[in-house]
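# Reading the structure
Residue strings, one per chain:
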Amino acid sequence: MVEEQVVDSVSVIVAGAGPVGLVAACELASAGMDVLVLERRADPDPVLKAGSVGPLAIEALDRLGLRDELVAAERATMAGYEQMAEQTGGRAPGEADALTKAQREHFAGLEKIEASRRSEPERRRMRVPQPVLVEILARKAESLGVRVLRAHTVTSVRQEPEGVVVQSETSSGRREFRARYLLGCDGAASAVRTAAGYDFPGTDATMLGRQGVVELADPQQIPPGIHDVENGVLVYGLGVDRVAALEFVPPAAKDLGPLDQQELHDAVQRVSGIDLDIVEMKTGGRFTDEARHVPDYRKGRVFLAGDAARIHAPVGGQGLNYGLIEAVNIAWKLAARLHGWGTEELLNTYTAERHPQARRLLENTRAQIALMRPDTHSRALRELFADLLDLDEVNAFIGDMMAALDTRYDLGDSDPLVGTLCGDFELKLSEEVAAPAARRLADLPHDGQGLLLSFDAAVPLGALARPWQGRVRSIDSAVGRDDVRAMLLRPDGCIAWVLRPGDELDEGSLTSALHRWFGEPA
């Protein structure tokens, strides 16, 4: 990472060099912005907070050109999954397709959610552990020239009419930086959220989970999976040698210090009665079901994303998926504003679009914790819910929700596609001499521009989009979809306008969408 040559003023300061902050920085840099990342840790966080990345986030990372690295990382993870399953006697070597098994997800520990039963089964999560994802994103950020300063703890934020001043503490003293905007991606204990004066209402913790990536003397002491045990929930595996014990009592104190091997051992014994023989705990940490959410993601020139904006129980690995989509949503809008054509109203759509999605996320995680409690009534409800998940319609509904594939922003258009996030698809650009063969949508240049695609030679749209040249890339006579004649995509992959087969082109509706998302014509 580039950690030298600090500048006094940049376009955007991003607080936090976790996955959310790094994706935001990469998106901003791809759109031509100079970005500075401040990270309080001296080294990347080794704790495994998520073992996979959801489909919408994967598609965003694909647009950044990271597909090959993600595939290689998943392949390595799956090799470890195979090895662990063989060691624990879960199945004989080569007996089942480990990748298929790993794609089965859980709701409240009920491992019944199958990607094949979703509304769009081709859009799947990938088994890429969060620390590995951070390594991939760090390399991408470096290649884009993003400056990252580690061991810089944000201590104060001061907003001015034309920008924001950020102070940070370092081992060599206090430093001050200026930017037009500040994006806080610095986690659940966000210093930016506190310094900027955000409210953070919600509900207190009712459970405490402890987890560690471990080496066991006898891997067969716990079968892989999520298990209801006498006094809570016991988890082993999920693609790595991770043990977790969930106790449904609130934590005694906010700051319990680092988790050690003995504490994890004792928690496993309390919930399950198993005297777990841990040879080594490589990393470990705690989590709770405390759920809080800022009322607005914007406060003047300060914005929040990821856990800085909302916290919840980490069930189903949803938070990472949501955080990366939040980063992509705000990054292109900040870049548009800094380029001079984005409006204040455009920046305000960030909260309008993402806040309702995160509110629903908090509700589904609360529901999962309620189903996981070890009391008699909760377990009766859990058994009923397990039967419901056997129904295709229920499985698809919960699966879409857990993957956020039901995301749809209210853009004021009744067409069910408008406001959804477009998945990747094969695209043939018939008029591009340099690329006459089929390629994917994600292969197109990613530089903060929108995309206007016409799939019907009778509907050339290039002339209509010409006043927005440099903000919208127009491609006529594309081939790849038969459900629309044309579509307008925002830089975050959101479908902003469509023309359906059988409908006549309404130039006014298209130019209205172009005005709304890409400003006044040049």
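Residues numbered from 1 in each chain as written. Predicted model: local features only at pLDDT ≥ 70, side-chain atom pairs only at ≥ 80, totals over all residues. Heavy atoms only, no water.

It is worth spelling out the nonpolar core at this point. Among the nonpolar cores identified, the biggest contains 76 residues, and Ile13, Leu28, Val53, Leu61, Leu70, Leu133 and Leu324 are the most heavily contacted of them. When residues in this core are grouped by element, the largest group, nine residues, is from helix α8 (residues 318-339). Excluding residues that lie within four positions of it along the chain, isoleucine 13 makes contacts with Leu36, Leu38, Val166, Phe177, Arg178, Ala179, Tyr181, Leu182 and Leu183. In terms of nonpolar packing, the next biggest core, distinct from the first, is built from 50 residues, Leu453, Leu464, Ile495 and Trp497 among them. (Core = buried A, V, L, I, M, F, W, Y, C linked by side-chain atoms within 4.5 Å. Buried < 20%, exposed > 50% of the residue type's maximum accessible area, 1.4 Å probe, protein only. Helix = DSSP H or I, 4+ residues; strand = E, 2+ residues; numbered from the N terminus. Contact = heavy atoms within 4.5 Å.)

As a further point, take unusual backbone geometry. Of note in the backbone geometry, alanine 108 takes a positive phi value of approximately 55° without being a glycine. Mapped onto the elements of the fold, alanine 108 is located in the loop between β3 (105-107) and β4 (110-113). The exposure class of alanine 108 is buried, given its relative accessible area of 0%. Of note, alanine 151 is a non-glycine position whose phi angle comes to about 55°, a positive value.

Its twelve residues give helix α13 (residues 507-518) an end-to-end C-alpha distance of 16 Å, which sits within 8% of 16 Å, the value for a rise of 1.5 Å per residue. Three or more residues of α13 are buried, namely Leu510, Ala513, Leu514, Trp517 and Phe518. Seen from one end, α13 has its buried residues packed into an arc of 100°, which puts them on one side. The opening residue of α13 is aspartate 506, an N-cap whose side-chain oxygen sits 3.0 Å from the backbone nitrogen of glycine 508. Immediately downstream of α13, the backbone of glycine 519 shows phi near 80°, a positive value. (Expected span 1.5 Å × (residues − 1). Arc of directions from axis to C-beta. Polar contact = N/O pair within 3.5 Å; in protein donor to acceptor, adjacent residues only side chain to side chain.)

Inspection of the secondary structure puts glycine 16 in the loop between β1 (9-15) and α1 (19-30). For the pair glycine 16 and glycine 508, spaced 492 residues apart in sequence, the C-alpha to C-alpha distance is 42 Å.

Quick look at the layout of surface pockets now. Each pocket or cavity is described by its volume, and for the second largest pocket that value is around 470 Å³. Forming the walls of the second largest pocket are 27 residues, and the residues nearest its centre are Glu59, Glu120, Arg123, Gly423 and Asp424. With five residues, helix α2 (residues 55-63) is the single largest residue contributor to the lining of the second largest pocket. Taken together, the residues of the lining of the second largest pocket break down into twelve nonpolar, four polar and eleven charged. (1 Å grid on protein atoms, 1.4 Å probe; cavity = no way out; pocket = protein on both sides within 12 Å on 5 of 7 lines; lining within 4 Å. Points joined across faces, edges and corners; volume = space filled by probe spheres on them. Nonpolar A, V, L, I, M, F, W, Y, C, P; charged D, E, K, R; others polar.)

On to the confidence of the model for the protein chain. Scored by pLDDT, the protein chain has a mean of 90; 92% of the residues are at 70 or more. Contacts of residues 91-99 to residues separated by more than four positions or lying in other chains number 14 contacts, the stretch itself having pLDDT below 50. Counting interchain partners and residues more than four positions distant, the pLDDT-below-50 stretch residues 432-436 has five contacts. (pLDDT = per-residue confidence, 0-100.)

Across the sheet, which stays open at both edges, the four strands sit in the order β22-β21-β24-β25 with mixed pairing between neighbours. On the outer flanks of this sheet lie β22 (472-475) and β25 (495-499), each paired with one strand and no other. The average undirected angle you get between the axes of adjacent strands in this sheet is 10°. The sheet contact formed by strand β24 (residues 486-489) and β25 spans four bridges and is antiparallel. Note on β25: the bridge partner recorded for leucine 488 is tryptophan 497. (Pairing = 2+ DSSP bridges. Axes fitted to C-alpha atoms, helices over the stretch in contact; angles between N-to-C directions.)

On to the pairing of strand β7 (residues 163-170), then. Judged by how many residues are buried, β7 sits mostly within the fold: seven of eight residues are covered. Where strand β6 (residues 153-160) and β7 come together, seven bridges link them in antiparallel fashion. Within the sheet, the bridge partner assigned to valine 157 lies in β7 and is valine 166. Linking β6 to β7, which pair antiparallel, is a turn of two residues. In terms of strand pairing, β7 meets strand β8 (residues 173-184) through seven bridges, oriented antiparallel. Residue pairing for β8: glutamine 167 is matched across the bridge by glutamate 176.

In this section: empty space enclosed by the protein. Following the criterion strictly, the structure yields three cavities of 30 Å³ or more and no others. By volume, the largest cavity amounts to about 290 Å³. Lining the largest cavity are 21 residues, with Arg63, Leu441, His446, Leu451 and Leu489 sitting closest to its centre. Listing elements by their share of the lining of the largest cavity, those giving two or more residues are α2 and β21 (450-454). Per-element tally for the lining of the largest cavity: the top contributor is α2, with three residues. Taken together, the residues that form the lining of the largest cavity break down as eight nonpolar, six polar and seven charged. Within this model, the second largest cavity holds a volume of roughly 70 Å³.

As a further point, take the side chain of threonine 365. Tracing the backbone through its elements, the reader meets threonine 365 in helix α9 (residues 344-372). By relative accessible area, threonine 365 is classed as buried at 1%. From its side chain, threonine 365 meets the backbone oxygen of leucine 362 in a polar contact 2.9 Å long. Leave out the neighbours within four places in its chain, and threonine 365 touches His312, Ala313, Val315 and Gln318.

Its 14 residues give helix α5 (residues 130-143) an end-to-end C-alpha distance of 20 Å, which sits within 8% of 20 Å, the value for a rise of 1.5 Å per residue. Within α5, burial applies to Gln130, Pro131, Leu133, Val134, Ile136, Leu137, Ala138, Lys140 and Ala141. Following α5 by one or two positions, glycine 145 adopts a phi angle in the positive range, close to 85°.

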